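A structural walkthrough
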Amino acid sequence: MTGIRPEDAGIASALLNAAQQIGVALDIAALFTISVTTKESRVPDALTALHQARSARDTGTVATISQAIVDGYTTALSSGAFVLTAAALIVTLLVTARPHPSDSTTQPDPSMAPREQ
């Protein structure tokens, strides 16, 4: 993190960690929604139907429902991979790491210098 005063480093780190945790929670919720929506579009109420088909030993229905569940996971993971690739491309093209002009003029803190033995 550039442009952060040393005395603000702790709060900046906490803010970054909180933002990452919120982002992960939202991403998981979005991927779960994509997975369930895909599964439900192929087989409505799939988990109940899967339970009933297994109880009835209907292997054809079990296979169909299982494939719908796998399709849901595949769609969600493919969507996540696409978003991750797009984010990597955006970061590569737009984010540049250059020293902040004030960084070169800041005097080092003498208390942080290595001690001589």
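Everything numeric here is computed off the predicted structure, so don't read it as measured data. (Residues numbered from 1 in each chain as written. Predicted model: local features only at pLDDT ≥ 70, side-chain atom pairs only at ≥ 80, totals over all residues. Heavy atoms only, no water.)

The end-to-end C-alpha distance of helix α3 (residues 59-94), which contains 36 residues, comes to 52 Å, matching closely the 52 Å that a straight helix rising 1.5 Å per residue would cover. Turning to α3, its buried residues number three or more, namely V62, I65, A68, I69, G72 and A76. Elements that come into contact with the buried residues of α3 comprise α1 (9-42) and α2 (46-55). (Helix = DSSP H or I, 4+ residues; strand = E, 2+ residues; numbered from the N terminus. Expected span 1.5 Å × (residues − 1). Buried < 20%, exposed > 50% of the residue type's maximum accessible area, 1.4 Å probe, protein only. Contact = heavy atoms within 4.5 Å.)

Between its first and last C-alpha atoms α1 spans 50 Å; for 34 residues at 1.5 Å apiece the expected length is 50 Å, and the two agree. Looking at α1, one finds that the buried residues are A12, S35, T38 and K39. Buried-residue contacts for α1 involve α2 and α3.

Here the focus is the pattern of salt bridges. Going through the model one piece at a time under the given rule, you end up with four salt bridges. Taking the shortest distance from any N to any O, the salt bridge between D8 and R5 comes out at 2.7 Å. A salt bridge links E40 to K39, with the shortest nitrogen-to-oxygen separation between them at 2.8 Å. Classification of E40 by relative accessible area gives partly exposed; the value is 31%. (Salt bridge = Lys/Arg side-chain N within 4 Å of Asp/Glu carboxyl O.)

Examined against the element boundaries, K39 turns out to sit in helix α1. Taking relative accessible area as the criterion, K39 reaches 10% and is therefore assigned buried. Not counting chain neighbours up to four residues away, the residues in contact with K39 comprise A46, L47, A68, I69 and G72.

For the rest of this paragraph, the subject is the confidence of the model for the protein. With 83% of its residues at a pLDDT of at least 70, the protein reaches an overall mean of 86. When pLDDT is averaged over each element of the protein, α3 comes out on top at 94 and helix α4 (residues 101-105) at the bottom at 57. (pLDDT = per-residue confidence, 0-100.)

If you look at the biggest cluster of nonpolar residues, it comprises eight residues: V43, A46, L50, A53, V62, I65, A68 and I69. Contributions of two or more residues to this core are made by α2 and α3. With four residues, α3 is the single largest residue contributor to this core. Excluding anything up to four places from it in sequence, A53 contacts D58, T61 and V62. (Core = buried A, V, L, I, M, F, W, Y, C linked by side-chain atoms within 4.5 Å.)

Residues L89, I90, V91, L93, L94 and V95 make up a contiguous nonpolar surface patch of about 640 Å² in total accessible area. Note that I90 resides in helix α3. (Patch = residues over 30% accessible without salt bridge, like charges linked within 9 Å, V, L, I, M, F, W, Y side chains within 5 Å. Areas by Shrake-Rupley, 256 points an atom, 1.4 Å probe, with all protein chains shown as cover.)

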